[in-house]
Amino acid sequence: MKRAVYPGTFDPITLGHLDIIKRATTIFDEVIVAVAKRPSKSVLFSFAERLKIVERAVKNLKKVKIEGFSGLVVEFAKKKKASCIIRGLRLLSDFEYEFQMALTNRKIAPQIETIFLMAHQEYSYISSSLVKEAVFLGANLKELLPKPAWVALKRKINEGFSR
Ligand code: COA
């Protein structure tokens, strides 16, 4: 069984993430979407909310599991008997950060390989923060988010969340 972990903050999951997940399922028997419990950046959605949105967004994908994790991602991958970590590469600007992370992870756990998938050209310019900011300011970016993420984001706005 070839298993991979796709870690991230997913605040919230976008169609760019979903595209990476779908493509990863064509390579691996099982893909664990690993939602970071306590990411280093500040988040809009709580861990429980981010997990639920991801669960809803991938519910029709058979080879996909969703789990939360804290601590080192490579330790999580080892615990889950996954051989690879998947990351999406969008623009050249992602490269430095991703390269540093992959090499650090390799130093800690050489047996875990990092595999980069190129983000789909339609989504290669988006990020969760950009989508959140634009939607808060009134943009309709429905076509960049899976429905559960769009609904949750609109609900946050309607609840009067202020940044
Ligand atoms: N399409 C659209 N957007 C994408 C994308 C894609 N294919 N791939 C990445 N992004 C965006 C995300 O929307 C996110 O945008 P944001 O910064 O505006 O929120 C950004 O790129 C990166 O997010 P994500 O892919 O979710 O990763 P992350 O950088 O938030 O997550 C962890 C980093 C959690 C994987 C990493 O910090 C980690 O492994 N932490 C665990 C602790 C650890 O092991 N540390 C040592 C690592 S060396």
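Scope of this entry: the structure provided in the associated data block. (Residues numbered from 1 in each chain as written. Predicted model: local features only at pLDDT ≥ 70, side-chain atom pairs only at ≥ 80, totals over all residues. Heavy atoms only, no water.)

**Examining the layout of surface pockets**
Over the atoms a probe the size of a water molecule is rolled, and this reveals where empty space is left. Of the voids in this model, the largest pocket is the one considered here, and its volume is about 1,100 Å³. Taken together, 39 residues form the lining of the largest pocket, with G8, T9, K41, R87 and Y97 sitting closest to its centre. Listing elements by their share of the lining of the largest pocket, those giving two or more residues are β1 (3-8), α1 (15-25), β4 (84-89), α4 (92-108) and α5 (128-136). Sort the elements by how many residues they give to the lining of the largest pocket and α4 lands first, with six residues. (1 Å grid on protein atoms, 1.4 Å probe; cavity = no way out; pocket = protein on both sides within 12 Å on 5 of 7 lines; lining within 4 Å. Points joined across faces, edges and corners; volume = space filled by probe spheres on them. Helix = DSSP H or I, 4+ residues; strand = E, 2+ residues; numbered from the N terminus.)

**Looking at the packing of α5 against helix α6 (residues 147-158)**
Their axes nearest at 11 Å, the elements α5 and α6 cross at an angle of 50°. Classified by the interaxial angle, the pair formed by α5 and α6 is oblique. Here α5 and α6 pass one another in a crossing that is right-handed. Between α5, through K132, V135 and F136, and α6, the contact on the second element is made entirely by W150, L153, K154 and I157. Residue composition of the contact of α5 with α6, by class: five nonpolar, no polar and two charged. (Axes fitted to C-alpha atoms, helices over the stretch in contact; angles between N-to-C directions. Parallel < 35°, antiparallel > 145°, perpendicular 65-115°, else oblique. Left-handed = near helix turned anticlockwise from the far one by under 90°. Contact = heavy atoms within 4.5 Å. Nonpolar A, V, L, I, M, F, W, Y, C, P; charged D, E, K, R; others polar.)

**A short note on the sheet that holds β4**
The strand order across the open sheet formed by five strands is β3-β2-β1-β4-β5, and the pairing between neighbours is parallel. The open sheet terminates on both sides in strands that have one partner only, identified here as β3 (64-69) and β5 (113-118). The sheet shows a mean angle of 30° between the axes of neighbouring strands, taken without regard to direction. Two strands pair when backbone bridges link them, and β1 and strand β2 (residues 30-36) are joined in this way by six bridges, in the parallel orientation. Paired with P7 across the bridge in β2 is A34. Each of β1, β2, β3, β4 and β5 is contacted by α1, which is oriented at about 120° to β5, the strand it contacts most. (Pairing = 2+ DSSP bridges.)

**Quick notes on the pairing of β1**
Taking burial as the measure, the six residues of β1 include six buried ones, the bulk of the element. The alternating pattern of β1 places R3, V5 and P7 on one face and A4, Y6 and G8 on the opposite face, and all of these are buried. One crossover worth recording links β1 to the parallel β2 by way of α1, and it is right-handed. Examined bridge by bridge, β1 and β4 share two bridges and lie parallel to one another. When the bridges of β4 are listed, V5 appears paired with I85. (Buried < 20%, exposed > 50% of the residue type's maximum accessible area, 1.4 Å probe, protein only. Right-handed = clockwise from strand over helix to strand, strands pointing away.)

**Considering the site of the ligand**
Near the ligand, the surroundings consist of 25 residues, among which T9, K41, V73, S128 and S129 are the closest. Among the detected pockets, the ligand sits in the largest pocket. Tallying contributions element by element places α4 first for the shell around the ligand, with four residues. A class-by-class count of the residues in the shell around the ligand yields eleven nonpolar, eleven polar and three charged. (Near = heavy atom within 4 Å. Sits in = over half its atoms within 2 Å of the grid points.)

**Focus on the nonpolar core**
With 35 residues, the main nonpolar core has Y6, F10, I13, I21, V54, I86 and L153 as its most contacted residues. When residues of this core are traced back to their parent elements, those giving at least two are β1, α1, β2, α2 (47-57), β4, α5 and α6. No other element matches α1, which puts five residues into this core. Apart from residues no more than four positions distant in its own chain, L153 is found in contact with L44, F45, K132, V135, F136 and L145. Listed in part, the 13 residues of the second largest apolar core include V5, F69, A82 and A109. (Core = buried A, V, L, I, M, F, W, Y, C linked by side-chain atoms within 4.5 Å.)

**Points about the packing of α2 against α6**
Packing of α2 against α6 brings their axes to within 8 Å, and their N-to-C directions diverge by 145°. Across the interface between the two elements, E49, I53, R56 and A57 of α2 pack against P148, A149, A152 and K156 of α6. Looking at the contact of α2 with α6 residue by residue, the classes come out as five nonpolar, no polar and three charged.

In short, shape yes, function no, at least from these values alone.
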